[in-house]
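Reading the structure
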Amino acid sequence: MKRRAPTEVIVDWYDRKTDFLLRKYGPGPRVHYPTGLAAADVVPARDQERLRRQIVQSQEDMLWRATRAWDGERRLGGEVLDVGCGLGGTSLFLAAELGANVTALSPVPRHLEWVARFAAA
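Attention in this report is confined to the structure presented alongside it. (Residues numbered from 1 in each chain as written. Predicted model: local features only at pLDDT ≥ 70, side-chain atom pairs only at ≥ 80, totals over all residues. Heavy atoms only, no water.)

Another aspect to go through is the overall build of the protein chain. In terms of regular secondary structure, the protein chain is built from 5 helices and 2 strands. When the helices and strands of the protein chain are read in sequence order from the N terminus, they spell out α-α-α-β-α-β-α. Across the 121 residues of the protein chain, 32% fall into the buried class. In the protein chain, the 18 positive side-chain charges and the 15 negative ones have mean positions that sit 6 Å from each other. (Helix = DSSP H or I, 4+ residues; strand = E, 2+ residues; numbered from the N terminus. Buried < 20%, exposed > 50% of the residue type's maximum accessible area, 1.4 Å probe, protein only. Lys, Arg positive; Asp, Glu negative; His and termini not counted. Charge placed at Lys NZ, Arg CZ, Asp CG, Glu CD.)

Right, here's the structure in full:
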């Protein structure tokens, strides 16, 4: 059995997760994986669609908090390189909310197709 390069293993792993991530955190255009920030008093929704919206909101809230902590309004509004962009959630957030010109990089070709599709949306 031929041993695969570590980069191939990583790319394959993320590629296999793509459809799952789109179902769970999608439909887009800003798909984040998977971290978020929610207030302690948030009660998880019982139905899948409302829970998905809560998760998406918690992810956006986390990005806003990080933006404030990093002085992002001043520092992240120019040229930004997002290495390992996944499905582009953070890239699209920085572009839409801070006016950044983002270059998104991913070793997974299918992810870049999704990022381009979401950016067009």
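This is not the end of the story, as more comes after the structure.
Mapped onto the secondary structure, G77 falls in the loop between α3 (72-75) and β1 (79-83). With a relative accessible area of 26%, G77 lands in the partly exposed category. Considered as a pair, G77 and A100 are 23 residues apart in the sequence and their alpha carbons are 4.2 Å apart. Apart from the residues within four sequence positions on either side, G77 is in contact with G72, L98, G99 and A100. (Contact = heavy atoms within 4.5 Å.)

Attention now goes to the nonpolar core. Listed in full, the 8 residues of the largest apolar core are L21, L22, Y25, V31, L87, L92, W114 and F118. At the level of secondary structure, the elements contributing two or more residues to this core comprise α1 (6-25) and α5 (109-120). No other element matches the 3 residues that α1 contributes to this core. In this structure, V80, F93, L94 and A100 belong to the second largest nonpolar core, which totals 7 residues. (Core = buried A, V, L, I, M, F, W, Y, C linked by side-chain atoms within 4.5 Å.)

Structurally, the position occupied by T67 is in helix α2 (residues 48-69). Sequence-distant contacts of T67, defined by excluding residues within four places in its chain, comprise G72, E73, F93 and L98.

With that settled, the discussion passes to the pairing of strand β2 (residues 101-105). As judged from the 5 bridges shared by β1 and β2, these two strands associate in the parallel manner. Residue pairing in the sheet places V83 in a bridge with L105 of β2. Between the parallel pair β1 and β2, the chain is carried across by helix α4 (residues 89-98), and the sense of this crossover is right-handed. (Pairing = 2+ DSSP bridges. Right-handed = clockwise from strand over helix to strand, strands pointing away.)

Keep in mind these values describe shape, not function.
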